[in-house]
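Residue-level listing of the chains:
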2 protein chains.
Amino acid sequence: MKKLLVELGERSYPIYIGSGLLDQAGLLTQHIKSRQVIVVTNETIAPLYLDRVLKNIQGYIAEQVILPDGEQFKTLDIVSGIFDKLLTCKFSRNATLIALGGGVVGDMGGFAAACYQRGIAFLQIPTTLLAQVDSSVGGKTGVNHPLGKNMIGAFYQPQCVIADADVLDTLDDRQLAAGLAEVIKYGLIRDAGFFNWLENNIDALLARDKQALAFAIERSCRNKAELVAEDETEADVRATLNLGHTFGHAIETGAGYGVYLHGEAVAIGTCQAADISRRQGWLNDADVKRIIHLFKKAGLPVTPPKEINAGRFLELMAVDKKNSDGQIRLILLKQIGAATLPVNIPQELLEATLKSYGRT
Amino acid sequence: MKKLLVELGERSYPIYIGSGLLDQAGLLTQHIKSRQVIVVTNETIAPLYLDRVLKNIQGYIAEQVILPDGEQFKTLDIVSGIFDKLLTCKFSRNATLIALGGGVVGDMGGFAAACYQRGIAFLQIPTTLLAQVDSSVGGKTGVNHPLGKNMIGAFYQPQCVIADADVLDTLDDRQLAAGLAEVIKYGLIRDAGFFNWLENNIDALLARDKQALAFAIERSCRNKAELVAEDETEADVRATLNLGHTFGHAIETGAGYGVYLHGEAVAIGTCQAADISRRQGWLNDADVKRIIHLFKKAGLPVTPPKEINAGRFLELMAVDKKNSDGQIRLILLKQIGAATLPVNIPQELLEATLKSYGRT
């Protein structure tokens, strides 16, 4: 087992990465300071792993909430159902919430924990690659709004993250690929060596080679932990984690939540960001090809959906957390392994990419 | 004008207290760092003060949300309407929200600001005595749940609080009295000298003597600012501000939100807490009489509603943020001017008060 620390002063917490962690009761219970514990999970994960987690907390007053599965259910209404359960069970402010599932469960469980009685403790047990390498780390919690993704939420850090690589055995190929999109992102924004490693090991990752996966998870979490430690609330460098996300969120919102997996939309969006970066004169043609090729090899889509035209993209991108006073700002690439901070994009450049990249 | 500072490190902010502050544009605009500004107010306050506030922010992109008036509308659904407006107007993360109104508007506006894009700046312009002396200071934001008051929320500090004593001219007598309940509370929990002053000046306050009101507001805010600075997230001494609130919240929830004003419910609850404190042997009969007498003189109710019997009280009090693992805990008085931290209450003592105090 590896243990990484996210360094945030009194809000610091460990990420445990390894095999068989789900059955190590002590790993979990050392971070539970109360008798009341609620596990939030979804209908896909519950039959697979809920009993194993509950077994670890025998002797506690344990409740559970099983959410429907899918990005389309990441709403304020569904979070409200978690509040109903907590209140019906008379859970106190010292209760603990365990989010057991992928990014959607983690985001909603974390947001419920952030808001219930103005904040209760919570633990993340991510069960998808995407959640293990990205969404469970860093304290971003929240829900979608019909007009924009992740528009309602809070920065709220967990007590710990338990990333058990064994749970990836039950992940379907599409979900695995979606996770790889965020893994590749770390290489692109700040870790060229990791990008090279990914090019050489993508087949092993797709074959679910345990060693390769463990390495990729740890390297990804280390990159993320460093950025989060440096800039918890995304005033600065943490924004680079949003490479491809402005396009990606527009795709998710525009196509309807749940049609594209988050990682799929990010893969397409990153290729669009690479295309603009080339138009800016930062990436060359060969760089862009390498990037698109790696996403493709990972089994990810790389072209935007036809039904979202340039005009609709602009409309959807007008609502984004990096925007300032209504001006669209994007993370771009100076080179493979080096992202920019949010930059204002000349309108004609943005339109050129929206109209031509992936449109032939 | 007086300026008090709530000392919270990088989250420190000033409270401005005085006359004519609503028309001092610079007071407001020095705390606005963006072009996009949204004013959240309600249907009672809008016709009285909205135009005066909007006049101060000419030149900004100003939007407004006018909420229905009353505690029964302090819900997640209504906050959701604020998100709709912000997103429809494409407001960015650097936008500023101004909460113009009483405690309900401040709590909801603050919570919307805390959650919109994981946090935008907000300013409080409290327009009731209760909001000026209590709810606008200290960063407690949130909404009610059918099963419990203020159960969903966040600690989120404003950029500043502007308390203009002139707005109290339009406050009806019932709202003024409700504010005095929280004013009296400060005397009871930590400021015996202020309690004595209140006994001697309650008539001047009820006659809306400007000097007396200004003194009471400042003294109250100073007490609150000290407690908040010492204990922002209510791990310790801040909890003393909840004197009477466990009973009070039960009354508000049990009677139906909007039937009792918050201050009215707190007045009753404080008398109940005083009754238990007497049974504990801390207050004597004369203390309890003084307390009840002052609330009565302020025009406040002092006995619990008949329809909430002891059993129902216990049920409602089982959900309270001070509870720990389901055990009811209360703030009591050691003497006038000195509150306890949350204490577990022997069940028979609690039941004795619930069954006999104010029940004859």
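A quick note: this is a predicted structure, and the numbers were derived from the prediction, not measured.

### Considering the packing of helix α10 (residues 262-279) of chain B against helix α11 (residues 285-297) of chain B
Residues and elements named next belong to chain B. Two numbers describe how α10 lies on α11: the axes approach to 10 Å, and their chain directions differ by 175 degrees. Between α10 and α11, the interaxial angle falls into the category roughly antiparallel. Between α10 and α11, the contacting residues are A267, T270, C271, A274 and R278 on the first element and D285, V288, I291, I292 and F295 on the second.

### So, the domain arrangement of chain A
Residues and elements named next belong to chain A. As assigned here, chain A comprises domain 1 (2-170) and domain 2 (173-356). Each of domain 1 and domain 2 has a C-alpha centre, and these two points are 25 Å apart. The partner domain 2 presents 36 residues to the 34 residues of domain 1 that form the contact. Both faces considered, domain 1 and domain 2 share a buried interface measuring about 3,100 Å² in area, 64% of it formed by carbon and sulfur atoms. Interface area lost by domain 1 to domain 2 is led by L129, V133 and K149, which between them contribute 20%. Summed over the shared surface of domain 1 and domain 2, the number is 7 salt bridges. On inspection of domain 1 and its partner domain 2, the count reaches 14 residue pairs in polar contact (both at pLDDT 80 or more). Residue assignment for the side of domain 1 that touches domain 2 shows that the elements contributing at least two residues are β1 (2-6), β2 (13-18), α5 (129-135), β7 (140-145) and β8 (148-155).

### A word on the packing of aromatic side chains
Evaluated as defined, the whole model comprises 10 aromatic pairs over all chains. Geometrically, the ring pair formed by W197 of chain A and F215 of chain A is tilted, given 4.5 Å between the ring centres and 40 degrees between the ring planes. Of this pair, W197 of chain A sits in helix α7 (residues 192-206) while F215 of chain A sits in helix α8 (residues 210-230), and the two are 18 residues apart along the sequence. The exposure class assigned to F215 of chain A is partly exposed, which follows from its relative accessible area of 32%. Ring plane angle 70 degrees and centroid distance 6.3 Å describe the contact between F247 of chain B and F313 of chain B, whose orientation is recorded as edge-to-face. Highlighted residues: F247 of chain B in helix α9 (residues 245-255) and F313 of chain B in helix α12 (residues 310-317), separated in sequence by 66 residues. Taking relative accessible area as the criterion, F247 of chain B reaches 1% and is therefore assigned buried.

### A closer look at the interface of chain A and chain B
The partner chain B presents 39 residues to the 40 residues of chain A that form the contact. Counting the surface lost from both chain A and chain B, the interface buries some 3,600 Å², and carbon and sulfur atoms represent 53% of this. Viewed at the interface, chain B and chain A are joined by 2 salt bridges. With its nearest N and O atoms 3.6 Å apart, the salt bridge here joins R93 of chain B to E234 of chain A. Inspection of the chain A/chain B interface yields 14 residue pairs in polar contact (both at pLDDT 80 or more). When contributions to the side of chain A that touches chain B are tallied by element, the ones reaching two or more residues are α3 (76-88), α4 (103-115), β7 and β8 of chain A. Looking at side-chain class alone, the side of chain A that touches chain B contains 14 nonpolar, 15 polar and 11 charged residues.

### Side note on the UniProt feature "binding site: Zn(2+)" (unreviewed entry) in chain A
Residue and element names in this part refer to chain A. Under the present numbering, the feature "binding site: Zn(2+)" (unreviewed entry) in UniProt falls on E182, H245 and H262. Spanning 81 residues, the named residues form one tight spatial group whose C-alpha atoms are at most 10.2 Å apart. Tracing the backbone shows H245 in helix α9 (residues 245-255). Looking at H245, the relative accessible area reads 5%, which means it is buried. Ignoring any residue separated from it by four or fewer positions in sequence, one finds H245 in contact with E182, K185, H262 and V266. For H262, the position within the fold is in helix α10 (residues 262-279). Those residues in contact with H262, other than ones at most four positions away along the chain, are L130, K149, E182, H245, H249 and E252.

### Re α12 of chain B
For the α-helix, the turn length of 3.6 residues means that residues three or four positions removed from each other point alike. Residues and elements named next belong to chain B. The complete set of buried residues in α12 reads A310, F313, L314, L316 and M317. Seen along its axis, α12 keeps its buried residues to an arc of 165 degrees; they face one direction. Summarising the contacts, the buried residues of α12 are in contact with α9, α10, β10 (329-330) and α13 (347-356). Regarding α12, its N-cap is N309, as a side-chain oxygen of that residue lies 3.2 Å from the backbone nitrogen of G311 further along.

### Quick word on the relation of the copies chain A and chain B
Least-squares fitting of chain A to chain B yields an RMSD of 0.0 Å, with the transformation described by 0.0 Å of translation along the axis and a rotation of 180 degrees. Seen this way, the second copy is the image of the first under a two-fold rotation axis. When the interface residues of chain A are mapped onto chain B, 98% of them are again interface residues, pointing to one common binding face.

### Quick look at the packing of helix α6 (residues 173-190) of chain B against helix α8 (residues 210-230) of chain B
Residues and elements named next belong to chain B. Direction vectors running N to C along α6 and α8 enclose 55 degrees, while the axes themselves pass 10 Å from each other. On the basis of the axis angle, α6 is oblique to α8. Regarding α6 and α8, the two cross each other, and that crossing is left-handed. In contact with L176, V183, Y186, I189 and R190 of α6, α8 contributes L213, A216, S220, N223, K224, E226 and L227. In the contact of α6 with α8, the residues fall into 7 nonpolar, 2 polar and 3 charged.

### Brief notes about the pairing of strand β2 (residues 13-18) of chain B
Residues and elements named next belong to chain B. Most of β2 sits inside the fold, with 6 of its 6 residues counted as buried. Taken together, strand β1 (residues 2-6) and the strand that follows it, β2, pair antiparallel across an intervening segment of 6 residues, in which G9 is found at a positive phi of about 60 degrees. Bridge count between β2 and strand β9 (residues 161-164): 4 bridges; the pairing is parallel. Among the inter-strand pairings, G18 is bridged to a residue of β9, identified as D164.

### Thoughts on the pattern of salt bridges
Residue and element names in this part refer to chain A. For the coordinates displayed, the defined rule picks out 52 salt bridges over all chains. For E351, the salt bridge is made with K355, and the minimal N-O distance between the two is 3.5 Å. Taken together, the residues E351 and K355, both in helix α13 (residues 347-356) and 4 residues apart, mark about one turn of the helix. Judged by relative accessible area, K355 falls into the exposed class, the value being 55%. Three or more residues are tied together by salt bridges with common partners; here these are E71, K74, D107, K149 and E252.

Conventions used here
- Residues numbered from 1 in each chain as written.
- Chains lettered and ligands numbered in written order.
- Predicted model: local features only at pLDDT ≥ 70, side-chain atom pairs only at ≥ 80, totals over all residues.
- Heavy atoms only, no water.
- Axes fitted to C-alpha atoms, helices over the stretch in contact; angles between N-to-C directions.
- Helix = DSSP H or I, 4+ residues; strand = E, 2+ residues; numbered from the N terminus.
- Parallel < 35°, antiparallel > 145°, perpendicular 65-115°, else oblique.
- Contact = heavy atoms within 4.5 Å.
- Domains from an automatic or database assignment.
- Buried area = accessible area lost by both parts, 1.4 Å probe.
- Salt bridge = Lys/Arg side-chain N within 4 Å of Asp/Glu carboxyl O.
- Polar contact = N/O pair within 3.5 Å; in protein donor to acceptor, adjacent residues only side chain to side chain.
- Phe/Tyr/Trp six-rings, centres within 6.5 Å; stacked < 30°, edge-to-face > 60°.
- Buried < 20%, exposed > 50% of the residue type's maximum accessible area, 1.4 Å probe, protein only.
- Nonpolar A, V, L, I, M, F, W, Y, C, P; charged D, E, K, R; others polar.
- UniProt positions renumbered as here; feature names shortened; annotations may be inferred.
- Arc of directions from axis to C-beta.
- Least-squares fit on C-alpha atoms with pLDDT ≥ 70 in both.
- Left-handed = near helix turned anticlockwise from the far one by under 90°.
- Pairing = 2+ DSSP bridges.

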